[in-house]
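# Per-entry structural report
For reference, the chains in residue letters:
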Amino acid sequence: MATAAPKAKVMGYLPNDTPPFGQMVLLGLQHVLTMFPATVLCAILMKFPVSTVLTVTGLGTVVALVGAKLAMGKYIPLYYGSSFSYIAAVSAIMAAKGVETAVAPPEVIAVATAGFIATGLINIIMGIIIRASGGKEALDKILPPIVTGSVAVTIGIGLGAVALQMATGTFSSTFDINALDNLKWLAASMVTLLAAFIFSVYLQGKGFIGMLPVLLAAIVGYVVSIPLGLVNFAAFGQEALIRAPSIVFPVFNDPLTLTAIVGIGVMAIATIPESTAHLYQISLYVDHLAEEQGKEKYNLSRYIGLNLMLDGLNDLVNGLFGSTAGTNYGENNSLMVITRNYSGPSLITAGVISIILGFIGPLAEAIASVPTAVIGGLAIYLYGVIGMQGVALMIAEKVNLYDPKQLAIGATILVVGIGGNIGFANGFLPVPILRSVFPYGWPAIATGAVLGILMNLITFYWKPPFERAAPTK
Amino acid sequence: MKLDGEHVFNGPREDVWEMFYDPAVLASAVPGMDKLDVVAENVYEGVMNVRIGPVSGKFQGKLSLTDVVEPESLTLMVDGKGAPGYGKGVGKVVFTQNPDGTTTIKYDGDMNIGGALASVGQRMIDSVAKSMIRSAFETLDKALEARLAAKKTGTEVNFTPPTQTEFASGVAKDMVGGFTKVPEFRLILYILPVVAILVILALVLGK
């Protein structure tokens, strides 16, 4: 063999590779475990039935992956779980409808999901526009990092009050600051917060377990809550072992539908940069593996528009079946990078496993028994992280915060979004315009976002005389 | 945008080379270009009428040949500016004599487009660029044939370049044929029936 001896086989699966069945199931299970904490938390925080969300997000992932394969002959290896970006907007709808139960009634879910349909369509349209107008530059013009970063900050920090209410139990009408129960509640939430902090900081780089800090913190919080009497064991044993998750079709004739469409739909802009960043990230790693294996590169980063269209398609699936709008998960990207398994078929397997999980009654019961105090402890951390990621985006994109243009746009989005979401009833601004569209007022975060976009567009057509430079060190 | 490919000319390398060096022939190969003026050695200027989708207008173009290694290779630089935007490109062209008397030219270049022209969309530009190149080669094939025939008989070169309309119909043909190959278009073809089925499924299950 004097000529071209085959290279030593580099372990790893490229998107179009199909691992052997046993491996595929194991890899799929890992994906499910990775997306599980965030997706389940999203469902709980938005008051959606967890089983429906597990089943439908799984279906959405399968539909999106198959779509990529049929459209371009290769998989885009991303897992679509529930997105945190919609919690604030959905919570506002739930609050306006006076939902007090842990899971909202179907007629309320149907209003929120109409908003997810809007999100899906916005994503698909943005994808087509980006494809037609030549890529990321067009995206950056309409949605510069000062807008997307600030919107992410408002979504996270705007939920700060909700997180604290859950962590302290103050949302309850029977709350009494002197009661011992209150102290137990606080203990459970603070232990959970501390556990989430310690696990996420100190388990880094410890392989797969390092990717599950939230799940582990929830388990610690749960265990601590048992002696404190916060876990409601009476809820167990109510459901059949196997039962179909509830499916809710969106309604479009509710008085709040238009508010939902605008308030929730606009949140798509928060997931667009996130989704694009994930695509770039996974593309880099996939091509690196392809190069090592001496195979043709995938160049997935070329398909920003297509990727957004897939995101939108996934939102449509979720919206149609009464689940929460999704986004591709950075957690699963990390898992793929660690395991070097970018296989599309194993992601499809993960989707199928998630679909099946939604049918298991006791699982839903176990999740439903997680005390609100534990969720509250996690929420302080997770909502804050959403906000911090907005800041990180602006730092990474080197936004010049000494330029009055950027300052004004960011300032407006933050004050209207955070101030409006926390300070006004259910996060609706009392603007007496378009009352027929927004009977409860304007959704604050979406209003802030749209104001920011419009201000940016003004500076685009009416150029500022100069840009104030950042001071050099 | 990357532009690369190759083309086989039915004639010896010297004649192909010579043809490339004739500004009149080069001008005829570019649709919408009436003539090229020699402004310096290996530098030409000309006006070109461009029409791509909704964008049309006159381009002031400069074409220069550098790194000339006669008759093997040269680098072609194009620089155009006009109301519809601007375009800049650079490409290396290599001429190889084949044993059967034909000549293969290989080209490999990069093109940047900006202004209103860029707004018509990458896809459209890709198609137009491909059509332009294809039609340029068709024209050059005919031009070479005419030159070789003239050389043989010792008569005047008898050759008329194609009109703008012929070029436009070529672009249209390329666009339609290529549409189903665009991933985003194929994805829409997937989304529509899938969503329709899901809507029906959701309606049934939601009851």
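Heads up: the structure comes first, above all this text.
For the rest of this paragraph, the subject is the overall build of chain B. Summing up its helical and strand segments, chain B has 6 helices and 7 strands in all. Ordered by position from N to C terminus, the α and β elements of chain B give β-α-α-β-β-β-β-β-β-α-α-α-α. Across the 207 residues of chain B, 24% fall into the buried class. Long-range pairs, those at least 24 residues apart, make up 51% of the contacts in chain B between residues at least 6 apart in sequence.

Another point: helix H1 (residues 13-20) of chain B. Looking only at H1 of chain B, the buried set comprises Val16, Met19 and Phe20 of chain B. Down the axis of H1 of chain B, the buried side of the element spans an arc of 100°, and every buried residue falls inside it.

Before going further, it helps to examine the nonpolar core. In summary, soluble globular proteins display a tendency toward joint burial of nonpolar side chains. If you look at the biggest cluster of nonpolar residues, it comprises 155 residues, and the most contacted ones within it are Ile264, Leu378 and Ala379 of chain A. Element by element, the count of residues in this core is highest for helix H4 (residues 106-133) of chain A, at 13 residues. Not counting the four nearest positions on each side in its chain, Ala379 of chain A is found in contact with Leu45, Ala163, Met166 and Ala167 of chain A. Listed in part, the 17 residues of the second largest apolar core include Leu26, Met48, Phe59 and Ile105 of chain B.

All names here are of chain B. In this sheet, strand S6 (residues 85-97) lies alongside strand S5 (residues 73-82) in antiparallel orientation, the contact comprising 10 bridges. Bridge pairing in S6 places Ser73 opposite Val94. Hairpin connection, S5 to S6: the antiparallel pair is bridged by 2 residues. Looking at chain direction, S6 and strand S7 (residues 103-114) are connected through 12 bridges and run antiparallel. Bridge assignment links Phe95 to a residue of S7, and that residue is Ile105.

The interface of chain B with chain A comprises 18 residues on the first partner and 22 residues on the second. Listing elements by their share of the side of chain B that touches chain A, those giving two or more residues are helix H3 (116-119) and helix H6 (183-206) of chain B. For the side of chain B that touches chain A, the leading source of residues is H6 of chain B, giving 14 residues. Partitioning the side of chain B that touches chain A into residue classes produces 12 nonpolar, 4 polar and 2 charged.

Conventions used here
- Residues numbered from 1 in each chain as written.
- Chains lettered and ligands numbered in written order.
- Predicted model: local features only at pLDDT ≥ 70, side-chain atom pairs only at ≥ 80, totals over all residues.
- Helix = DSSP H or I, 4+ residues; strand = E, 2+ residues; numbered from the N terminus.
- Buried ≥ 20, exposed ≤ 12 C-beta atoms within 10 Å, placed from the backbone.
- Contact = placed C-beta atoms within 7 Å.
- Arc of directions from axis to C-beta.
- Core = buried A, V, L, I, M, F, W, Y, C linked by C-beta atoms within 7 Å.
- Pairing = 2+ DSSP bridges.
- Nonpolar A, V, L, I, M, F, W, Y, C, P; charged D, E, K, R; others polar.

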